[in-house]
Amino acid sequence: MRISQLAERTGTPATTLRFYETSGLLPAERTPAGYRIYGEDAVDRLAFIDAAKHLGLPLEEIAELLRVWESGAGVEEHPCRIVR
């Protein structure tokens, strides 16, 4: 989905989405024309970022948690990660 679609769907301003991309929190693919394209996983990722921000975590810690989430570390030891 394009940045405008993600912004509308999540209620997150496009400027914030761009900031998250440059900060490494929200990866985006690019079309040949340079438009940002996000997958469905971006919605879950933004929900995680939003929840972490509401808990008072700084963006640096959120980025660290996202790296752990992406690596799948601890799934065997903590199967609750896959339960939603």
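Below: a short report on this structure. (Residues numbered from 1 in each chain as written. Predicted model: local features only at pLDDT ≥ 70, side-chain atom pairs only at ≥ 80, totals over all residues. Heavy atoms only, no water.)

## Some thoughts on the packing of aromatic side chains
Tallied over the full model, the rule gives two aromatic pairs. Seen from their ring centres, F48 and W69 are 5.0 Å apart, and the 40° between their planes marks the pair as tilted. Pair noted here: F48 is in helix α3 (residues 41–54) and W69 is in helix α4 (residues 59–71), with a separation of 21 residues, a long-range link. Here the basic side chain of R2 rests over the ring of Y35, its NZ or CZ set 4.1 Å away from the ring centre. (Phe/Tyr/Trp six-rings, centres within 6.5 Å; stacked < 30°, edge-to-face > 60°. Helix = DSSP H or I, 4+ residues; strand = E, 2+ residues; numbered from the N terminus. Lys NZ or Arg CZ within 6 Å of the ring centre and 35° of its normal.)

## Digging into the side chain of T12
Along the chain, the position of T12 falls in the loop between α1 (3–10) and α2 (14–22). Residue T12 is classed as buried on the basis of its relative accessible area of 15%. At a separation of 3.2 Å, a polar atom in the side chain of T12 contacts the side chain of T10. Leaving out residues up to four positions away in the same chain, T12 has contacts with A7, L17 and L46. (Buried < 20%, exposed > 50% of the residue type's maximum accessible area, 1.4 Å probe, protein only. Polar contact = N/O pair within 3.5 Å; in protein donor to acceptor, adjacent residues only side chain to side chain. Contact = heavy atoms within 4.5 Å.)

## Some thoughts on the packing of α1 against α2
If you want to describe how two helices pack, look at the angle between their axes and the distance between the axes. Where α1 contacts α2, the two axes come as close as 9 Å, and the packing angle between them is 110°. For the element pair α1 / α2, the angle class is roughly perpendicular. Our pair here, α1 against α2, has a crossing hand that is right-handed. Only A14, L17 and R18 of α2 make contact with α1, whose side of the interface consists of I3, L6 and A7. Of the residues assigned to the contact of α1 with α2, the class counts are five nonpolar, no polar and one charged. (Axes fitted to C-alpha atoms, helices over the stretch in contact; angles between N-to-C directions. Parallel < 35°, antiparallel > 145°, perpendicular 65-115°, else oblique. Left-handed = near helix turned anticlockwise from the far one by under 90°. Nonpolar A, V, L, I, M, F, W, Y, C, P; charged D, E, K, R; others polar.)

## Here we look at the nonpolar core
Counting 17 residues, the largest nonpolar core has L6, L17, L25, L26, Y38, L46 and I49 as its most contacted members. For this core, the elements supplying multiple residues, two or more each, are α1, α2, α3 and α4. Beyond its immediate sequence surroundings of up to four residues, L17 is in contact with I3, L6, A7, T12, L26, Y38 and L46. (Core = buried A, V, L, I, M, F, W, Y, C linked by side-chain atoms within 4.5 Å.)

## With respect to the pattern of salt bridges
Under the counting rule described, the total for this entry stands at four salt bridges. One salt bridge in this structure joins R30 and E21, with 3.6 Å as the shortest N-O distance. Across the pair E70 and R45 runs a salt bridge whose closest N-O atoms are separated by 2.6 Å. In this pair, E70 is assigned in helix α4 and R45 in helix α3, connecting sequence segments 25 residues apart. If you follow the salt bridges from partner to partner, you end up with E21, R30 and R36 in one network. (Salt bridge = Lys/Arg side-chain N within 4 Å of Asp/Glu carboxyl O.)

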